[in-house]
Amino acid sequence: MDETFRQQVFEIIRLIPLGRVTSYGAVARAVGYPNHARHVGNALRHYDEDFPAHRVCNSSGQITAGCLAEFSDKLAAEGIEVVGNRIKDFRKVFWNPIEEL
DNA sequence: AGCATGACGCGGG
DNA sequence: TCCCGCGCCATGC
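Let me sum up the structure you'll find in this document. (Residues numbered from 1 in each chain as written. Chains lettered and ligands numbered in written order. Predicted model: local features only at pLDDT ≥ 70, side-chain atom pairs only at ≥ 80, totals over all residues. Heavy atoms only, no water.)

## Describing the overall build of chain A
Working step 1: Of the regular secondary structure elements, chain A holds five helices and four strands.
Working step 2: Each helix and strand of chain A, ordered N terminal to C terminal, gives the series α-β-α-α-β-α-β-β-α.
Working step 3: Dimensions along the principal axes, computed over C-alpha positions, put chain A at roughly 35 × 25 × 20 Å.
Working step 4: Sorting the 101 residues of chain A into buried and exposed places 39% on the buried side.
Working step 5: Look at the contacts in chain A between residues 6 or more apart in sequence, and 66% of them connect residues 24 or more apart.
Working step 6: Working note: accessible area of chain A is about 6,100 Å², and carbon and sulfur atoms make up 47% of it. (Helix = DSSP H or I, 4+ residues; strand = E, 2+ residues; numbered from the N terminus. Buried < 20%, exposed > 50% of the residue type's maximum accessible area, 1.4 Å probe, protein only. Contact = heavy atoms within 4.5 Å. Areas by Shrake-Rupley, 256 points an atom, 1.4 Å probe, with all protein chains shown as cover.)

## As for the nonpolar core
Working step 1: Counting 27 residues, the largest nonpolar core has Val9, Ile13, Val21, Val40, Leu44 and Ile87 as the members making the most contacts within it.
Working step 2: Taken together, the elements giving at least two residues each to this core come down to α1 (3-14), α2 (24-30), α3 (37-43), β2 (56-57), α4 (68-77) and α5 (90-93).
Working step 3: Here this core gets five residues from one element, more than from any other, and that element is α1.
Working step 4: In contact with valine 21, other than residues within four places in its own chain, are Ile16, Arg55, Leu75, Ile80, Ile87, Phe90, Val93, Phe94 and Trp95. (Core = buried A, V, L, I, M, F, W, Y, C linked by side-chain atoms within 4.5 Å.)

Next comes the structure, spelled out in structure tokens:
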């Protein structure tokens, strides 16, 4: 994917409010690429210290295996509980980028 | 050009 | 809800 795609993905994710989360697919739709959820994930393979990548999970509220430990800690620090690899009350804390445009 | 892969999504059963 | 299959699409070999 091109650089602008990544820029927009990062931009949207920075907008996620503290204590809320969203999904790869939702971000993809928000930047105008409805069928590129996988690429959103790819764009997130590297990010800065302060970047809230932990606020992004799949459409069913599950955290990807490799980042489980790190993400659940950060999420817990923001008041979001993680049970197993799943975000508790996902529907409640879900933030939809589209509705915020 | 063909095939596998991946921080994914969705509809069915 | 869980599990599965299929769709999706850039990338790399």
